[in-house]
Every structure is written in structure tokens, then in C-alpha cells.
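# Close look at the chain arrangement
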Amino acid sequence: NQKIVLANRPAAWVEESNFRLEESPIPEPGANQVLVRNRWLSLDPYMRGRMSEAKSYAKSVEIGEVMVGGTAGEVVKSNHPKFAVGDTVVGAMGWQTWAVADGAALQKVDASAVPLSAYLGVLGMPGVTAWVGLMDICAPKAGETVVVTAASGAVGSVVGQLAKIHGARAVGIAGGAEKCRYVVEELGFDACIDYKAGNLRGDLKEATPKGIDCLFENVGGEIFDTLLTRMNPFSRIAVCGLIAQYNSAPYPMQNIGAVLINRIRMQGFIVSDDLSRWPPALKELAGHVASGRIKYRESVADGLAAAPAAFISLLKGGNFGKQLVKLT
Ligand code: NDP
């Protein structure tokens, strides 16, 4: 069994030396437990927070502990009545190739209709995040303008496609012409602004002639400040993530005056806050993925040893779509 543990905590940017690859014997499942051969590891921005000791909504990973992470794999041995050898399952088994888990902590998924890896992206936590933030917090009406940052990524790509399905105008913000081309031509957003092109303020004005009614915020920092200047009265902001700020010292929120002047409703949320929202989210998403109305893209790193470099790349925008690690 290969596993990656947290070797030490990053001061600012994550480095490969913050991780250590270790070998250990394949574990044996106990009562009601299942042995899983992990095939896919999900890499997600929240992992940056777990590497830090700073207080957050979830517990930090301890030094020497296996890094946390969502996984998808196959049951190899089962002592649990609900799971049989060969079942495909998802769980949170961390950065390792084999793991033992309580049956209650695993979910069986059907990998015949969609690829197993999709359950870590569009039909998993990132997809549900998009659905909850958009439907429950932004609640866009037909004809309104929805703007989403990190638009080509795992969460953002689903936000814009769902917004279109619900009759809104979808505008993405992404880094680079290639990501923006994908967002408009393949995902069907109405517009996408390449913030790296250096004219965010002007391009934004052009892409949002009627202002912004719903901002699905994934990035924070200066981009967020600029977007705030285009918010309409009584608009809504789903504060989902602030990836531009994860690797720096606490960032003072500027421009929050726009919240006051426009009486904006702004709400932070964590996808696991209300588990009763997962089934309706996944039901709608699965239907759209099956019909081809929602598309997704993956960046795949090869082998567990490649996970630290792939994670660092994700934090810098090197991923294009959902970042995964293939564990075979
Ligand atoms: P993505 O697939 O979107 O990958 C991260 C992307 O962030 C990069 O590809 C990059 O895209 C963009 N990015 C990184 N640094 C910067 C920067 N300095 N400025 C602008 N953009 C940057 O990741 P996810 O879809 O998994 O996550 C998106 C956001 O959602 C994150 O903030 C994450 O923390 C949050 N999240 C929140 C959850 C919740 O429950 N609240 C649950 C899941 C995710 P580009 O090249 O376009 O810049």
C-alpha cells in the first residue's frame, strides 16, 4: 500500500517537501469493514486548508497522518452485508492506494452508465457544491445574469451550465484564452472573460450589460473586488471559495461597501451543511449528465507519487477541469 502523509505544514505556497510517500502493508478489514483498492483520488482546493493549523470548518490533518481526500475504487474484501467483492464505491479514504473503511462510510455507485471518476467531480462533491450554491443561495430567475469565477473548473463549469438550463445568462471568469474558449464553445456559457488578458473591468462591463444578479464566487482577491462593482441592487452572492487567498496571509476584504449600497444578499456555505440537499442535487445533475446537457472535463495525474505536484498545480490553475489522480 502506498500512501502520502503530511510531512510538515506549508508557510505560504504548498511545496512537494510538505508531503512524504510511505509504504505499508495492505490492511485487513475488521467487523463490518470493507477493503477497497482505490482507483481514483480527487484533488480539491480545500486540502490546502487541512494542511494548515488555522481554525476552519474542519479539522486539520496532523503531521504524519495520511492526507485527506475523496476516493473512488473497487471492493476487494468485504465483511459488510451491503458490499460485495467487485462493487464500485466512493468514500473519503485519503491519498492512498488501498484502504479499509467502515461500510457505513462508503457509498456504492454505478460505474456502468458514467465513468467511476465522475463521482468525484460532476456527480460528486463539486457538482453538489455548484447546485447548492446556485439553486439555494443565488436562486437565479430566467433572464438574470449569473457570473462564476474559476469557470472552467470542477465547480464553476457546473454552475454556468446549470444557470443556462434554468434560463439565466451565464458569464464565466477563467485564466487564459484556451479555458475561456472551452467555457463558451463547449460548455455553452454566453461569455467568458480571461482575467489574465489584463482588462477585467472593461471586459466585464461588456459581458454584463445588465449588471450581475448572482455572483458565484470561487476566487476572492482582486477579481472579487472588481466583480462587486457590477452587482445589481438586491443581487445575491454565494461565497463558495476564495482560492486566490488560500496561499497568502489573511486578506482584508475591500469594496464590501457594494454589499451595503446594493443591499446584496451574500452567504457563505459549505457543501456538507445540509445533507438533505445532496439527493435532489445529484438527481438533477445525473439526468443532465446522462442527456449530455452538462459536460465535464478532467485533468488526470498518473500514480499516487504524482499527487503532490498535481495538487500544487491545481492551486495555481494548472488543472483544466476536475483534477484527479489515477491510482493504477
Ligand atoms: P477548480 O477545478 O476550479 O480548480 C481551481 C481553479 O482556481 C484553478 O484551475 C484556477 O483556474 C483557479 N485559480 C487558482 N488560483 C487563482 C487565482 N489566484 N486567481 C483566479 N483564479 C485562480 O477547483 P474546484 O472547482 O474544486 O473549486 C473551486 C472553488 O470552490 C475553490 O475555491 C474551492 O475551495 C471551492 N469549493 C467550496 C466548497 C464549499 O463547500 N464551499 C466545496 C468545493 C469547492 P484559472 O486557471 O481559471 O484561474
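Cut-offs applied
- Residues numbered from 1 in each chain as written.
- Predicted model: local features only at pLDDT ≥ 70, side-chain atom pairs only at ≥ 80, totals over all residues.
- Helix = DSSP H or I, 4+ residues; strand = E, 2+ residues; numbered from the N terminus.
- Rg over C-alpha atoms; globule rule 2.2 N^0.38 Å.
- Buried ≥ 20, exposed ≤ 12 C-beta atoms within 10 Å, placed from the backbone.
- Contact = placed C-beta atoms within 7 Å.
- Core = buried A, V, L, I, M, F, W, Y, C linked by C-beta atoms within 7 Å.
- Domains from an automatic or database assignment.
- Near = placed C-beta within 6 Å.
- Nonpolar A, V, L, I, M, F, W, Y, C, P; charged D, E, K, R; others polar.
- Expected span 1.5 Å × (residues − 1).
- pLDDT = per-residue confidence, 0-100.
- Pairing = 2+ DSSP bridges.
- Right-handed = clockwise from strand over helix to strand, strands pointing away.
- Axes fitted to C-alpha atoms, helices over the stretch in contact; angles between N-to-C directions.
- Parallel < 35°, antiparallel > 145°, perpendicular 65-115°, else oblique.
- Left-handed = near helix turned anticlockwise from the far one by under 90°.

The chain appears in an unreviewed UniProt entry as Alcohol dehydrogenase from Sulfuritalea hydrogenivorans sk43H.

Helix and strand content of the chain: 9 helices and 15 strands. Here the C-alpha atoms of the chain give a radius of gyration of 20 Å, agreeing with the 20 Å that 2.2 N^0.38 yields for 328 residues. Viewed in the frame of its principal axes, the chain has a C-alpha envelope of about 60 × 45 × 35 Å. Looking at the chain residue by residue over its 328 residues, the buried ones come to 44%. Contacts spanning at least 24 positions in sequence make up 66% of the contacts within the chain whose residues lie at least 6 apart.

With 94 residues, the main nonpolar core has Phe216 and Ala307 as its most contacted residues. The greatest single-element share of this core, amounting to 7 residues, is contributed by helix H2 (residues 125-138). In this structure, this core is formed jointly by two domains, domain 1 (2-121 + 296-326) and domain 2 (125-268), each of which donates at least three residues. What Phe216 contacts, discounting residues up to four positions off in sequence, is Gly133, Leu134, Cys138, Val146, Val148, Val159, Ala238 and Cys240.

Let us now look at the site of the ligand. Taken together, 28 residues lie around the ligand, and Gly153, Val155, Gly175, Gly241 and Gly317 are the ones closest in. Contributing elements (two or more residues each) for the shell around the ligand: H2 and helix H3 (154-165). In terms of residue count, the dominant contributor to the shell around the ligand is H3 (3 residues). In the shell around the ligand, the residues fall into 16 nonpolar, 9 polar and 3 charged. No fewer than three residues from each of domain 1 (2-121 + 296-326) and domain 2 (125-268) sit in the shell around the ligand.

The next thing to look at is helix H8 (residues 278-291). The end-to-end C-alpha distance of H8 is 20 Å, a good match for the 20 Å that 14 residues give at a rise of 1.5 Å each. Here the buried face of H8 lies against H2. Following H8 by one or two positions, Gly292 adopts a phi angle in the positive range, close to 85 degrees.

Let us now look at the confidence of the model for the chain. Averaged over every residue, the pLDDT of the chain is 95; the share at 70 or more is 98%. The ipTM value of the predicted complex is 0.99, and its pTM value is 0.95.

Per the domain assignment, the segments making up the chain are domain 1 (2-121 + 296-326) and domain 2 (125-268). Computed over C-alpha atoms only, the centres of domain 1 and domain 2 are separated by 28 Å. At the interface, 13 residues of domain 1 touch 14 residues of domain 2.

Moving on: the pairing of strand S9 (residues 169-174). For a regular strand, side chains alternate in direction, first toward one face of the sheet and then toward the other. Burial of S9 is extensive: 6 of the 6 residues sit out of reach of the surface. Alternating residues of S9 divide into Arg169, Val171 and Ile173 and Ala170, Gly172 and Ala174, and every residue in both groups is buried. Relative to S9, strand S8 (residues 145-149) runs parallel, the two sharing 5 bridges. For Val146, the partnering residue across the bridge sits in S9 and is Ala170. Handedness of the crossover joining S8 and S9 through H3: right-handed. Bridging between S9 and strand S10 (residues 191-194) involves 4 bridges; their strand directions are parallel. Residue pairing for S10: Ile173 is matched across the bridge by Ile193. Handedness of the crossover joining S9 and S10 through helix H4 (residues 177-186): right-handed.

Next up on the list: the packing of H2 against H3. One can describe the packing of H2 onto H3 by two numbers: an axis separation of 8 Å at closest approach and a directional angle of 45 degrees. Relative to H3, H2 is oriented oblique. Between H2 and H3 lies a crossing whose hand is right-handed. Counting all contacts with H2, which are made through Pro126, Gly127, Thr129, Ala130, Trp131 and Leu134, the residues of H3 involved are Ala154, Val155, Val158, Val159, Leu162 and Ala163. Per-class residue counts for the contact of H2 with H3 are 10 nonpolar, 2 polar and no charged.

To continue, consider the sheet that holds strand S12 (residues 231-239). Read across the open sheet, the 6 strands follow the order S10-S9-S8-S11-S12-S13; overall the sheet is parallel. A single partner strand is all that each edge strand has here, and the edge strands are S10 and strand S13 (265-268). With strand direction ignored, the average angle separating the axes of adjacent strands in the sheet is 15 degrees.

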